[in-house]
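Geometric and topological summary
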Amino acid sequence: MAHSTVPRNEAEADETAGTPAAPGGEADAPRQPPSGKLSLRLRFRRDRVLLLMTLPAVLLVLVFSYLPILGNVVAFQDYDPYVSDNGIVSILHSPWVGFDNFQRIFADSAFWDAVRNTLVLFSLQLVLYFPIPIMLALLINSVVRPKVRALSQAILYLPHFFSWVLVIAVFQQLFGGAGLLSQLLRQHGYDGLDIMTDPGTFKFLITAESVWKDAGWGIIVFLAALASVPTDLYEAAAMDGAGRWRRMWHVTLPALRPVIALLLVLRVGDALTVGFEQILLQRDAVGPGASEVLDTFVWWNGVRNQDFGYAAAAGLVKGVVSLGLVLAANKVAHLMGEQGVYTK
């Protein structure tokens, strides 16, 4: 009796289609890709919805972050924006000066003063500001009552939403020449003081303002990392006789270590960016000798003095050095066994 060659159901049809033909047949079956490796066309078809969702964000990054990089060509020109109303035409018609702007920068003592002030401010903020969000996160995480914890978070978050103008105004009312602290000293027979106009304490003032404004907001990442720590680890440590401090040292801090390493790498990358608006608002009160940083140096020479090529060269030097710092800090994170910004 003859047997039918038509598959009985769809499963058998799929199985028959996926079975390679015997050697010597009319046509060999097409080779299947190795397991787990799909072609670019198949991956695009699989992830096309996700790609379409991310397309607007990618376009925004390209337009506002990568295309402006082409404007660094101004650093090699004696750029004159008044040649034309079109910025691209102005770049094309501005004379080339090569590395003259960079030679001027490295011979300018004001530039090196700005570099020194920037590094000093970064060091102070790294030592005094960076650990504070970690300590606040540990403190809030130890609060048992949810209402007290929520109220504490709200109070600490609030200054982040204040503008720098308001923050400086608050500090002026507290530490200025006619501020609360100065009035209290005068009432008790002491001389008043004006911290807001003292060049010697300006760097500590800037750090204190940054701590008051942004430390509460910085604890969000650390609280999220603490929320992901399994409670079984704390219970196991408590059963082994570990007290509160030993649980924090052996359970909590190791859980925060990857986040701390990542944020530290990013903070090192921003070492040359220490608060443009904050310092610019107080620059005239203490003078450029104590307050000039790289960002204000670029703004003063580019916007105020109209020396765009010179300012662009200073900004390009800052960007290259910041990139090198990120790569170096990420390498150190890898040597310490952490992931950092990107994996190897």
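Here is a short report on the structure shown in this document. In this text the structure is predicted, and so the values were computed from the model without any measurement.

Moving on, we get to the overall build of the protein. Within the protein one finds 17 helices and zero strands. Counting all 344 residues of the protein, 29% fall into the buried class. Within the protein, contacts between residues separated by at least 24 positions form 64% of all contacts whose residues are at least 6 apart in sequence. A total accessible area of about 22500 Å² is found for the protein, and carbon and sulfur atoms account for 66% of it.

Where helix H12 (residues 231–239) meets helix H13 (residues 244–269), the closest approach of the two axes is 10 Å, and the angle between their N-to-C directions is 145 degrees. Two packed elements cross with a definite hand, and for H12 against H13 that hand is right-handed. Contact residues: H12 offers Leu233, Tyr234, Ala237 and Ala238, while H13 offers Arg247, Val251 and Thr252. In the contact of H12 with H13, the residues fall into five nonpolar, one polar and one charged.

Our next topic: the nonpolar core. Among the nonpolar cores identified, the biggest contains 17 residues, and Ala75, Phe102, Ile105, Phe111, Leu294 and Phe297 are the most heavily contacted of them. Those elements that place two or more of their residues in this core are helix H5 (100–106), helix H6 (109–129), helix H16 (294–304) and helix H17 (308–335). The contacts of Phe102, once residues within four sequence positions are left out, are Ala75, Phe76, Ala313, Leu316 and Val317. Counting 16 residues, the second largest nonpolar core, distinct from the first, contains Tyr129, Ile134, Ile140 and Tyr157.

So, about the pattern of salt bridges. Under the criterion given, the structure shown has six salt bridges. Among the salt bridges present, the one from Glu292 reaches Arg283, with a minimum N-O distance of 2.8 Å. Taken as a pair, Glu292 and Arg283 share a single burial class, namely buried. Here Asp295 and Lys318 are joined by a salt bridge, their closest N and O atoms 2.4 Å apart.

Bringing the packing of H6 against helix H11 (residues 202–227) into the picture now. Where H6 contacts H11, the axes come no closer than 10 Å and their chain directions differ by 45 degrees. In this view, H6 runs oblique relative to H11, as classed from their interaxial angle. Here the hand of the crossing between H6 and H11 comes out right-handed. Along the contact surface, H6 presents Asn117, Val120, Leu121, Leu124, Gln125, Leu128 and Tyr129, while H11 presents Lys203, Phe204, Ile206, Thr207, Ser210, Val211, Asp214 and Ala215. Taken together, the residues of the contact of H6 with H11 sort by class into nine nonpolar, four polar and two charged.

Along the chain, Thr252 falls in helix H13. Given the relative accessible area of 6%, Thr252 is considered buried. Not counting chain neighbours up to four residues away, the residues in contact with Thr252 comprise Leu138, Leu226, Tyr234 and Arg247.

Let's shift gears to H16. All of the buried residues along H16 are Leu294, Asp295, Thr296, Phe297, Asn301 and Gly302. In this structure, the buried side of H16 is in contact with H6, helix H14 (276–286), helix H15 (288–291) and H17. Count one or two residues on from H16 and you reach Gln306, which has phi positive near 60 degrees.

Rules behind the numbers
- Residues numbered from 1 in each chain as written.
- Predicted model: local features only at pLDDT ≥ 70, side-chain atom pairs only at ≥ 80, totals over all residues.
- Heavy atoms only, no water.
- Helix = DSSP H or I, 4+ residues; strand = E, 2+ residues; numbered from the N terminus.
- Buried < 20%, exposed > 50% of the residue type's maximum accessible area, 1.4 Å probe, protein only.
- Contact = heavy atoms within 4.5 Å.
- Areas by Shrake-Rupley, 256 points an atom, 1.4 Å probe, with all protein chains shown as cover.
- Axes fitted to C-alpha atoms, helices over the stretch in contact; angles between N-to-C directions.
- Left-handed = near helix turned anticlockwise from the far one by under 90°.
- Nonpolar A, V, L, I, M, F, W, Y, C, P; charged D, E, K, R; others polar.
- Core = buried A, V, L, I, M, F, W, Y, C linked by side-chain atoms within 4.5 Å.
- Salt bridge = Lys/Arg side-chain N within 4 Å of Asp/Glu carboxyl O.
- Parallel < 35°, antiparallel > 145°, perpendicular 65-115°, else oblique.

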